[in-house]
Each structure stands twice: as C-alpha cells, then as structure tokens.
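# Coordinate analysis (summary)
Given next are the chains, with one letter for each unit.
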Amino acid sequence: MGILDRLRGGLANIGRPRNAPHRDTTAYPNLVQVGRVNQINGLIYKASPTNLRYFSRTPYARRAINAIKNPIKMLEWEIVPIRKDMAINSELKRQIEVATTCFNMPNETDDFESMIEQVIEDYLIGAGALETQIGGDPIRPLWMWPVDGLSIQIYPQWDKKPSSPRYAQTEGYGGLFGGGETAYLRDDELLYLRPNPNTATPFGFGPLEIAFNTIARQLGVADFAGNVAANARPSIAIDLGNIGDKDISVWQAWWRNDIEGQGGTPFFGTPGTGSAEGKSRGPSVMRLYPEGDSGLYLEYQRFLQREIAAAFDLSPQNLGLEADVNRNTSEVAEDRDWDQAIKPTANGVAKGLTRHCIQRRLGFSQLKFKFVGLDREDEAATADIYGTYYEHNAITPNQQREKLGLEPLDSPVGDMTFAEVQEAVAKAGGEAKAKANEGKGNPSKPAKPKGK
C-alpha cells in the first residue's frame, strides 16, 4: 500500500497491524448461489426502490416518517470533544470551529437542517447516504451532498483497499428505464447509513421496508372502501325469481333509468315454471358483503395502521389512533416513542457523521458530533431520586447542585448529609430551649396549681 493510498484511507488505516489476519468466513454468504461463486464480486442493488418511494408518500407512512424525522431535524447540535474531561486547547478550538463551519454550510444549496432532513428521510425508507469531498479552503475543507440512498449499489466483496470503489450510483436506479451513467465512489467518499444492519445483506432494512406488505394491503383495502362508500360497487344482488333473460334485461333497463341512474346492481333469474313444490319464486335481495362500517373494513384498516406504527417503533397514537388514550397513557407513549424510535435514529446518524465526516475525512480524531437535547430528562423522577439519595445520607445538597450544574450553597448545610442536618437542628433546638428556661427556676419541677 502506497503513501497516497494511506492518505486517502485517512484514519481507517492508523493503528492497523502491518500483517492483518485473513478472514476465513464469507461476507453475506446467502448472496452466493450454487455454481455462481463469483456472483457477489460484482455490484448488487436494493430491490423495489421505486415502490418504496411511492409508499413513502402515502398518508400513514408519511406520518410515521415525519414523527421521527421532524423532531431530529429541529434539534440543536454541536461539535464537542469525545471525552467530557478533555481540556480544550487552541488546536481543539480551531478544529471545532472548522468542523462547525463545514456542517453549517455543507454544500452550495443546503444548510445543516435541510441536509440532515434528506438523509434521515432516506434512512427511514431504506438507506441514507452522504457524499463527502475535500476542498482547498482550510476554513471549510469538507463538502457534503445528500445522495439518494436507494440509488446506491454496493460491492459486497469490496477488497478494503482505499483506492478501490466500494459504491456505485447508476442513473434511473439501474432498472428497466435506468442504465445511465455510473458514478463509482470509494469508501471514504460516501457515508452510507443502513438501518437495522445485519449479516445477510449489505443494505439493511428500513422501517418502510418492514412495513412494505402492510402498506400495500392498506392501499388495497382503502381503495376498496372508497369505492364502496362512493356506491361504485353495490352490496346487493336482486334475484327476480323464475323469469327469463329477456325479462331480466327489461328489469335492468327500468332499474337503471328510473331507480339508480348510473348504478350497477346485478340482476339474475332462473327460467322455469316454478320450484319443486310447484310454487313460483318472487323477487328477493341477496347481500353480497356487509354494509356500513363493517363493509368498509374499518377495524381491519385500524389493525393495518397499528402494524405500520409497530414497524417504525412508534405508538399507534402517532398515526391518529387515539381510542382509549388519556393523558397518562399518552405521556408514557410519547416518552416511549422518543426512547425507542427518535433517539436511536438520531444516535445512529450522529455516530455516522462522527466516524466518517469528522474523524475520517477531516482527521479530527478527538472530536464528535452531538445532538443537543436528545437525552431528555424526567425532572419529577430525577427530583424523587435525589430526594431518596439525600434522605438515605448518600448525597449532600452541594453534590446534587454540582450534578445539576448549579453553584454550591454558601452555607454549612450545603455540605451536610440529611442525618447531620437533623442532628444540628435537634442540637440547636435543645440549646434554644435551655436558654429560654434560664432564670425561671427548676424547669423539671412542676408548677403549683393556682388556688391550692
């Protein structure tokens, strides 16, 4: 490996042994079919990118994506040392200013919020991607462009050489109408964020992919319910009894012209003189499927909405299902959504920006990207915890104030435990009582009752 290759690789090669061990297992073995061992040496692409984009525009999928994306894009952020106890010298301060400038102005048209919104959008659909290049401006050396993650193809058997391409982007998704120009990208030129990474595929699975079949069913049943509600599909058929085809046609024409207009109620009859008992059948109505709310399959649609919410790790109330929701359950669900959906997504994006953009591309190994306000604190629960610690003499008021970032109390009580405070209060009370009884005789001798 030459010097230029090491420079391109950045920090990825620092500290790596000269003779690295050889891996005996195969990456993504399920991609290898019998008789096609060299199959995974070429590019592979993500399936159904067009459908995923279309599904992301449907109401419930869009609501689920926005419920995770919008809180993250509105968070404040900062570039900080990787360790809290690290002293900030002049060099670290310079690096923080450079990295902050790069993230504030990632490219010609985006600011940080618009850039990160696009990356998280694609991440929730299937894969987020960010092209990174180094420019000649020392104040703003790093440039970043959001890339359609679904258009990225991957070499699963990438040889780990910094000069070898790991990714490629083919215009038109490389499908039936694709096959345009292909841009090849090295590993250091593209930040590829894959949700739910696993050893079966180099792509991972986004929440929208997990809900793919559920969204397809939701669209199908919603279309059916819409047609039913608009009377496009009648729910009944009329049996005219023992009449022939000619009479059925007359009845249909009369019904359409004088009763329904443009309706489409089915008519049928059975030619003949009568039933086995010799009695003729008169007209009757046959119900083809349920009517009203049951005919619209509203309960089934609610079930599908719950499935979509589960795929995104969200509570059903985030998709508008608010039945039996009160203030207590709503607050619990909101906290759960933050901890199980929003926070993990934000942490994954922040780590990717730290690893690839700051530490690898800029070479600032002592810094990291951090979202501010991501770790929300339950103030009531924290107060109860500190109260319990204090009552059990495990913490003093000044130690608590230090953890909260407050100045210490200018009082001896600030450095005393609860037991020490109680002892001091009891002692002070005894001294005050003794002082009050001075000059009043023996306080232990009971006073003589009046009139005796």
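Look up: the structure comes first, before these words.
The following paragraphs examine the structure supplied in this document. (Residues numbered from 1 in each chain as written. Predicted model: local features only at pLDDT ≥ 70, side-chain atom pairs only at ≥ 80, totals over all residues. Heavy atoms only, no water.)

## Comments concerning helix α5 (residues 112-125)
Taking 1.5 Å of rise per residue, the 14 residues of α5 would be expected to cover 20 Å, and the 20 Å separating its terminal C-alpha atoms lies within 8% of that figure. With respect to burial, α5 is a largely interior element, ten of its 14 residues being buried. Within α5 the residues assigned to the buried category are Phe112, Met115, Ile116, Val119, Ile120, Glu121, Asp122, Tyr123, Leu124 and Ile125. The opening residue of α5, the one whose side-chain oxygen lies 3.3 Å from the backbone nitrogen of Glu113, is Asp111. (Helix = DSSP H or I, 4+ residues; strand = E, 2+ residues; numbered from the N terminus. Expected span 1.5 Å × (residues − 1). Buried < 20%, exposed > 50% of the residue type's maximum accessible area, 1.4 Å probe, protein only. Polar contact = N/O pair within 3.5 Å; in protein donor to acceptor, adjacent residues only side chain to side chain.)

## Here we look at a nonpolar patch on the surface
Where nonpolar side chains cluster on the molecular surface, the patch consists of Tyr297, Tyr300 and Phe303 and spans about 290 Å² of accessible area. Tracing the backbone shows Tyr300 in helix α10 (residues 298-311). The partly exposed category is assigned to Tyr300, whose relative accessible area is 35%. (Patch = residues over 30% accessible without salt bridge, like charges linked within 9 Å, V, L, I, M, F, W, Y side chains within 5 Å. Areas by Shrake-Rupley, 256 points an atom, 1.4 Å probe, with all protein chains shown as cover. Salt bridge = Lys/Arg side-chain N within 4 Å of Asp/Glu carboxyl O.)

## Thoughts on the sheet that holds strand β4 (residues 152-154)
For sheets, the rule is that strands pair by backbone hydrogen bonds, running either parallel or antiparallel. Reading across from one edge, β4-β5-β6 is the order of the three strands in this open sheet, with antiparallel pairing throughout. Unpaired on one side and paired on the other, β4 and β6 (182-186) mark the two borders of the sheet. Across the sheet, the axes of successive neighbouring strands diverge by a mean angle of 30 degrees, strand direction being ignored. Sheet analysis places strand β5 (residues 165-170) next to β6, joined by five bridges and oriented antiparallel. Residue Tyr167 lies in a different strand from β6, and its bridge partner there is Leu185. (Pairing = 2+ DSSP bridges. Axes fitted to C-alpha atoms, helices over the stretch in contact; angles between N-to-C directions.)

## Quick word on the pattern of salt bridges
Two side chains that carry opposite charge are able to pair once their charged atoms sit near each other. In this structure the tally under the stated criterion is 16 salt bridges. When the shortest N-O distance is used, the salt bridge between Arg186 and Asp188 registers 3.1 Å. The partner of Arg361 in a salt bridge is Asp188, with the nearest N and O atoms 3.1 Å apart. Taken as a pair, Arg361 in helix α11 (residues 327-361) and Asp188 in the loop between β6 and β7 (190-193) lie far apart in primary sequence, 173 residues in all. Here Arg361 matches Asp188 in class, with each residue buried. One salt-bridge network, held together by shared partners, links Arg62, Lys69, Lys73, Glu117 and Glu121.

## Observations regarding the nonpolar core
Formed by 56 residues in total, the largest nonpolar core has its most connected members in Ile79, Phe103, Phe112, Phe312, Leu353, Phe369 and Phe371. The residues touching Phe371, leaving out its near neighbours within four places in the chain, are Ile72, Leu75, Glu76, Trp77, Phe112, Ala346 and Ala350. (Core = buried A, V, L, I, M, F, W, Y, C linked by side-chain atoms within 4.5 Å. Contact = heavy atoms within 4.5 Å.)

## So, the sheet that holds β7
Read from one edge to the other, the open sheet built from three strands follows the order β3-β2-β7, with strand pairing classed as antiparallel. Looking along the sheet, the strands with just one partner apiece sit at the ends: β3 (142-147) and β7. Averaged over all pairs of adjacent strands, the angle between their axes in this sheet comes to 20 degrees, without regard to strand direction. Pairing of strand β2 (residues 128-134) with β7, which is carried by four bridges, proceeds in the antiparallel orientation. When the bridges of β7 are listed, Ala129 appears paired with Tyr192. Strands in contact with α5 are β2, β3 and β7; relative to β2, the strand with the most contacts, it is inclined by about 140 degrees.

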